[in-house]
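# Observations on the model geometry
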Amino acid sequence: MELFGMAIEQVYLYSLIILAICMVLFLFFGDVVDGIGEGIPYFNPAVILSFLTFFAAVGFIFESLTAFSSIINMAIAVIISTVLSVLLYFFILLPLKSAEVSMAYTDESLAGQIGKVIVPIPIDGFGEVVIETVNGLISKRAVGFDNEEVEYDKKVLIVEVREGTVYVREYEPMFSKID
């Protein structure tokens, strides 16, 4: 079968090449395109681009490897690319969109956190504490809030943060466990 004066395999292959270039451009400029489609619900350029790419790839493979007619190959390509695009949307793009957790933290956000001393804090000196967050462990230089000594492996409360140094007090829980 011919389309646009070319064999259908060539149309699929050229489409696949053009769509691959569009995918690379989408990687670099995707935020601009996402902003354009913000007002239209269910319009996701990544899903549309993936559908077309899957369609061209599956169509090319089926035209090259099977003896089915071009109409059947096209129908199979539409079905397979629809299924793959739906799976991509619901299992990859939708969870990524709702998981906008930042790995960044500010020094001010550390105040009030509980840490653990990993390098003992001497009187009028520096030690080190580690703070466990949802993003991992943060290690910070530490000083006793009232210049007190804090021993290794003690839990501490971060009172404030100044110039990258956390000022801590030994942590005393309000309620203790009853055995």
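Whatever comes next refers back to the structure up there.
All of the points below concern the structure found in this document. (Residues numbered from 1 in each chain as written. Predicted model: local features only at pLDDT ≥ 70, side-chain atom pairs only at ≥ 80, totals over all residues. Heavy atoms only, no water.)

Moving on, we get to a nonpolar patch on the surface. On the surface, Leu13, Tyr14, Ile17, Ile18, Ile21, Val24, Leu25, Leu27, Phe28, Phe29 and Val32 cluster together into a nonpolar patch covering about 1100 Å² of accessible area. Owing to a relative accessible area of 64%, Phe28 belongs among the exposed residues under this scheme. (Patch = residues over 30% accessible without salt bridge, like charges linked within 9 Å, V, L, I, M, F, W, Y side chains within 5 Å. Areas by Shrake-Rupley, 256 points an atom, 1.4 Å probe, with all protein chains shown as cover. Salt bridge = Lys/Arg side-chain N within 4 Å of Asp/Glu carboxyl O. Buried < 20%, exposed > 50% of the residue type's maximum accessible area, 1.4 Å probe, protein only.)

Topologically, Ser50 is positioned in helix H2 (residues 45–65). The residues touching Ser50, leaving out its near neighbours within four places in the chain, are Met23, Ser85 and Leu88. (Helix = DSSP H or I, 4+ residues; strand = E, 2+ residues; numbered from the N terminus. Contact = heavy atoms within 4.5 Å.)

Across its 29 residues, helix H3 (residues 70–98) extends 40 Å between first and last C-alpha, which sits within 8% of the 42 Å expected from 1.5 Å per residue. Along its length, H3 reaches its greatest deviation from straightness, about 35°, at Tyr89. Three or more residues of H3 are buried, namely Ser70, Asn73, Ala77, Ser81 and Ser85. (Expected span 1.5 Å × (residues − 1). Bend = angle between axes of the 7 residues up to and from the residue.)

This part is about the packing of aromatic side chains. How two aromatic rings sit relative to each other is set out by the distance from centre to centre and by the angle between their planes. One pass over the structure, following the stated rule, counts three aromatic pairs. An angle of 70° between the planes, with centres 5.8 Å apart, marks the rings of Tyr12 and Phe55 as edge-to-face. Taken as a pair, Tyr12 in helix H1 (residues 8–36) and Phe55 in helix H2 lie far apart in primary sequence, 43 residues in all. Classification of Tyr12 by relative accessible area gives buried; the value is 5%. (Phe/Tyr/Trp six-rings, centres within 6.5 Å; stacked < 30°, edge-to-face > 60°.)

A few words on unusual backbone geometry. A negative phi angle characterises most non-glycine residues, just as the trans form characterises most peptide bonds. Phi is positive for Asp124, close to 55°, though the residue is something other than glycine. Within the secondary structure, Asp124 is located in the loop between strand E3 (114–119) and strand E4 (127–133). Classification of Asp124 by relative accessible area gives exposed; the value is 62%. Even without being glycine, Glu163 reaches a positive phi, approximately 50°. Counting through the fold element by element, Glu163 comes out in the loop between strand E6 (155–162) and strand E7 (165–170). Under the relative-accessibility criterion, Glu163 is labelled exposed at 81%.

Let us now look at the environment of Ala77. Within the secondary structure, Ala77 is located in helix H3. Exposure remark for Ala77: the relative accessible area of 0% places this residue in the buried category. Separated by 26 residues in sequence, Ala77 and Phe51 have C-alpha atoms that sit 9.8 Å apart. Setting aside residues up to four positions removed in sequence, Ala77 forms contacts with Phe55, Val58 and Gly59.

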